[in-house]
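# Results of the structural survey
Residue-level listing of the chains:
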Amino acid sequence: MIRGFTLILLFWILGESLHFLSGIPISGNVLGMLLLFGWLMLRQQVSPELERSSQLLIAQLSLLLLPGGVGLFFLGDRMQGQWLPVLAAIVLGTLLSMLFCVWLMKRLSRKIDTPKETG
C-alpha cells in the first residue's frame, strides 16, 4: 500500500510543480490527477497497490472534504451576499459531474463488454 500512496504523492508533486513552473491556470492537484490518468492509460492496467490505496482514500473522502465545508461555515458575512452564485455553482457542478460519470461508465462498460477477437 505504501507504493500506491507514493505513486499518488509523486503525481501530486509533479502536478504542483508543473503548475508552479508553467503558470497554467489549472490547480496542481488537477494536473497531477490528469498526469496519473494519462500514465494509467499508457500502462493499460492499475497495480493492486495503487488500487488499494486509492480505494482507501475514496472511502475517507468525506473526511478529506471536511475542511472545505468548515471553511465555508466561517465565512458567514462574506457568503451572505453570495449565496446564489455559490448555490448555482454547487448545483451545476454536481449535475455536470454526474453527467460525466454516466458518460464515462457507459463508455467503459462498452469497452469491457466488447469481446476481443483472437486470431
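Definitions and cut-offs
- Residues numbered from 1 in each chain as written.
- Predicted model: local features only at pLDDT ≥ 70, side-chain atom pairs only at ≥ 80, totals over all residues.
- Heavy atoms only, no water.
- Helix = DSSP H or I, 4+ residues; strand = E, 2+ residues; numbered from the N terminus.
- Buried < 20%, exposed > 50% of the residue type's maximum accessible area, 1.4 Å probe, protein only.
- Core = buried A, V, L, I, M, F, W, Y, C linked by side-chain atoms within 4.5 Å.
- Contact = heavy atoms within 4.5 Å.
- Patch = residues over 30% accessible without salt bridge, like charges linked within 9 Å, V, L, I, M, F, W, Y side chains within 5 Å.
- Areas by Shrake-Rupley, 256 points an atom, 1.4 Å probe, with all protein chains shown as cover.
- Salt bridge = Lys/Arg side-chain N within 4 Å of Asp/Glu carboxyl O.
- Lys, Arg positive; Asp, Glu negative; His and termini not counted.
- Charge placed at Lys NZ, Arg CZ, Asp CG, Glu CD.

### Some details on unusual backbone geometry
Of note, Gln44 is a non-glycine position whose phi angle comes to about 65°, a positive value. The topology assignment puts Gln44 in the loop between α2 (28-43) and α3 (48-59). Classification of Gln44 as exposed rests on a relative accessible area of 65%.

### Observations regarding the nonpolar core
Counting 5 residues, the largest nonpolar core is built from Leu7, Phe11, Leu36, Leu40 and Leu50. Those elements that place two or more of their residues in this core are α1 (2-22) and α2. If near-sequence neighbours (up to four positions away) are discounted, Leu36 is found in contact with Leu7, Phe11 and Leu50.

### Things to note about a positive patch on the surface
Together, Lys106, Arg107, Arg110 and Lys111 make up a positively charged patch on the protein surface. Following the sequence through the fold, Arg107 ends up in helix α6 (residues 83-113). Arg107 gets classed as partly exposed once you look at its relative accessible area, which sits at 48%.

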